[in-house]
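Below are the chains, spelled out letter by letter.
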Amino acid sequence: MPLRRSTVRGREFGDAIRALLRAAGLTNRAAADLLGWQEAKVSELVNGKEGVTDVELAKLLGLLRTPPDEFDHLMALHHDAHIRDWLQPTGSSTTDRVRTLREHEKIATEIDGWSMHVVHGLVQVPDYTWHLALAKPLPEPDARALTENRVVRQTAVLDGNRKVTIYMHEQALRLPVGNASVMADQLHHLLRMSVRPYLTIRLVPTAFGPHAGLAGDFDRLKFKKIPPIVYVESEGANVFLEDQVSVDRYDTVLKSLDRTALDEVQTRKLITDIIGEETRDDQVAQEQLQR
C-alpha cells in the first residue's frame with residue numbers, strides 16, 4: 001500500500017501510538033516481537049503510514065492497554081490519516097478538542113495569531129478566560145477545565161522555543177470582560193508579556209477602519225520539516241487547513257495585518273493609554289457613587 005503523506009491526522013495518529021508505547025515501557029522492536037511482526041510494521045504506524053489492517057491495529061492497541069475512548073479515536077484516524085484538512089465538530093468522537101492544536105503547537109517553530117473581538121487565548125489571564133467561558137455559556141466544570149487547559153497551553157507555547165506574534169484589534173482590549181479588576185489585570189499582563197524577546201504583540205487601531213482580519217480569528221503554525229497549517233476555531237467546530245491554496249490566503253491576511261498594525265512601541269503606548277482611560281473611568285464612577 002502507498003505511504004501516507006504527512007497530515008494533521010497522520011501526525012496525531014503517530015504521536016498517539018508513540019505515547020502508548022512509551023507508557024507501556026515498550027520499544028518498537030519489543031512490541032513487534034510480542035505480536036510476531038517485523039519491527040518495520042510498528043515503525044510505519046509511529047510515522048503515521050499505511051501498513052496494517054484494522055485487525056492488526058486492534059491487536060497492537062490491545063497489547064498497549066489502550067483506553068476505550070482513545071481506541072475508538074485511533075481506529076477512526078487510521079482510516080482517514082491520509083486526508084488533508086480536518087474539521088472536528090463539537091461533540092464528535094474527538095476526546096479532547098484542543099488535543100490536535102496542542103500537539104502541533106508543541107512542534108511549531110513559529111506561531112502567528114489574530115484575534116478580532118477578545119484578547120488572544122495565548123495571552124489571556126485565567127480570570128479573563130473564566131469569564132469568557134461563562135459567557136458562552138459553559139457549565140462551571142467545563143469553564144474550569146477550559147481555563148486550566150488554556151494555562152497549560154500557554155506554558156507550553158510561551159517557553160521561548162518558538163517565535164510567537166499576536167495581532168489583536170484595539171476593540172478586543174476595550175470589550176469589558178468580568179469586572180474592572182479582571183480587565184486591569186489583563187491589560188497589565190499584556191504589557192508584561194510584550195517585553196518577552198520571543199513574543200510580539202501588535203494592535204490594529206480602531207481608527208484604521210476596515211482591515212484584512214474581518215473574516216475572523218485564526219492561527220498559522222509553521223514547522224521545521226512540514227508545511228505550515230492554519231487553525232480556525234468556531235462554536236461548531238475546529239478546522240485545520242493544510243492545502244496550500246487555503247494557507248496562502250491566510251498568509252496574505254497576515255501580511256496585510258503586518259502593514260496595518262501598530263509597531264511594538266506604539267502598541268505598548270496604546271495599551272498604557274487604555275489602562276489610563278479605564279482608571280479614570282473607575283475614579284469618576286466611584287466619585288459619583290460617593291455623592
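All figures in this text were calculated on a predicted structure; none of them were measured in a lab.

S.K.: Now, about empty space enclosed by the protein: what can you tell me, with residues and values included?
M.R.: Here the structure, examined in full by the defined rule, presents one cavity of 30 Å³ or more. Computed from the structure, the largest cavity encloses a volume of approximately 40 Å³. Contributing to the lining of the largest cavity are Ser6, Arg11, Arg84, Pro227, Pro228, Ile229 and Glu242. Of the residues assigned to the lining of the largest cavity, the class counts are three nonpolar, one polar and three charged.

S.K.: Please set out the sheet that holds strand β6 (residues 229-233) residue by residue, giving values where relevant.
M.R.: Pairing is mixed across the open sheet formed by seven strands, whose spatial order is β1-β7-β6-β5-β2-β3-β4. Strands with a single pairing partner mark the edges of an open sheet, and in this sheet they are β1 (86-89) and β4 (199-204). The average undirected angle you get between the axes of adjacent strands in this sheet is 15°. As paired elements, strand β2 (residues 110-115) and strand β5 (residues 218-222) share five bridges and run antiparallel to each other. Residue pairing in the sheet places Gly113 in a bridge with Asp219 of β5. Sitting on the sheet, helix α11 (residues 244-260) is in contact with β2, β3 (163-169), β4, β5, β6 and β7 (237-241), with an inclination near 105° to β5.

S.K.: Would you mind going over unusual backbone geometry in detail, with residue names and values included?
M.R.: Between Lys136 and the following residue, Pro137, the backbone shows a cis peptide bond with an omega angle of 0°. Within the secondary structure, Pro137 sits in the loop between α7 (126-135) and α8 (140-157). Located in the positive-phi region is Arg65, a residue other than glycine, with phi close to 50°. Following the sequence through the fold, Arg65 ends up in the loop between α4 (54-63) and α5 (68-80). The exposure class assigned to Arg65 is exposed, which follows from its relative accessible area of 75%. Here Asp85, not a glycine, exhibits a phi torsion of approximately 70°, which is positive.

S.K.: Tell me about the nonpolar core, and name the residues and values.
M.R.: As a rule of thumb, soluble globular proteins bury nonpolar side chains together. Ile17, Met168, Leu173, Leu190 and Leu199 are the most contacted members of the largest nonpolar core, which totals 57 residues. Broken down by element, this core gets its largest block of residues, six residues, from helix α1 (residues 8-24). Counting twelve residues, the second-largest nonpolar core is a separate cluster that includes Phe218, Val230, Val247 and Leu254.

S.K.: How would you summarise the side chain of Arg202 if you had to cite specific residues and measurements?
M.R.: Relative to the elements of secondary structure, Arg202 occurs in strand β4. What makes Arg202 buried here is its relative accessible area of 12%. Of note is the side chain of Arg202, whose polar atom sits 3.0 Å from the backbone oxygen of Ala261. Dropping the residues within four chain positions of it, Arg202 is found in contact with Ile166, Tyr167, Met168, Asp258, Ala261, Leu262, Asp263, Glu264 and Thr267.

S.K.: Help me get a handle on the environment of Asp273, residues and values and all.
M.R.: Checked against the element boundaries, Asp273 lands in helix α12 (residues 264-290). Taking the relative accessible area as the measure of exposure, Asp273 reaches 32% and is therefore partly exposed. Considering only alpha carbons, one finds Asp273 and Arg11, 262 residues apart in sequence, at a separation of 44 Å.

S.K.: Tell me about the pairing of β4, and name the residues and values.
M.R.: For β4, the buried fraction is high: six of the six residues fall into the buried class. Residues of β4 alternate between two faces, with Leu199, Ile201 and Leu203 on one and Thr200, Arg202 and Val204 on the opposite face, all of them buried. Of the pairings in the sheet, the one linking β3 to β4 comprises six bridges and is parallel in character. Its bridge partner being in β4, Met168 is matched across the sheet by Leu203.

S.K.: How would you explain the side chain of Gln124 if you had to name every residue and give the values?
M.R.: Looking at where Gln124 falls in the secondary structure, it is placed in the loop between β2 and α7. The exposure class of Gln124 is buried, given its relative accessible area of 3%. What Gln124 contacts, discounting residues up to four positions off in sequence, is Val118, Val119, Thr129, Leu132, Arg150, Gln154, Gln186 and His189.

S.K.: I'd like a description of a positive patch on the surface, backed by residues and values.
M.R.: Taken together, Lys163, Lys222, Lys255 and Arg259 make up a surface patch of like positive charges. The exposure class assigned to Lys222 is partly exposed, which follows from its relative accessible area of 31%.

What counts, and where the lines are drawn
Residues numbered from 1 in each chain as written. Predicted model: local features only at pLDDT ≥ 70, side-chain atom pairs only at ≥ 80, totals over all residues. Heavy atoms only, no water. 1 Å grid on protein atoms, 1.4 Å probe; cavity = no way out; pocket = protein on both sides within 12 Å on 5 of 7 lines; lining within 4 Å. Points joined across faces, edges and corners; volume = space filled by probe spheres on them. Nonpolar A, V, L, I, M, F, W, Y, C, P; charged D, E, K, R; others polar. Pairing = 2+ DSSP bridges. Helix = DSSP H or I, 4+ residues; strand = E, 2+ residues; numbered from the N terminus. Axes fitted to C-alpha atoms, helices over the stretch in contact; angles between N-to-C directions. Contact = heavy atoms within 4.5 Å. Buried < 20%, exposed > 50% of the residue type's maximum accessible area, 1.4 Å probe, protein only. Core = buried A, V, L, I, M, F, W, Y, C linked by side-chain atoms within 4.5 Å. Polar contact = N/O pair within 3.5 Å; in protein donor to acceptor, adjacent residues only side chain to side chain. Patch = residues over 30% accessible without salt bridge, like charges linked within 9 Å, V, L, I, M, F, W, Y side chains within 5 Å. Areas by Shrake-Rupley, 256 points an atom, 1.4 Å probe, with all protein chains shown as cover. Salt bridge = Lys/Arg side-chain N within 4 Å of Asp/Glu carboxyl O. Lys, Arg positive; Asp, Glu negative; His and termini not counted. Charge placed at Lys NZ, Arg CZ, Asp CG, Glu CD.

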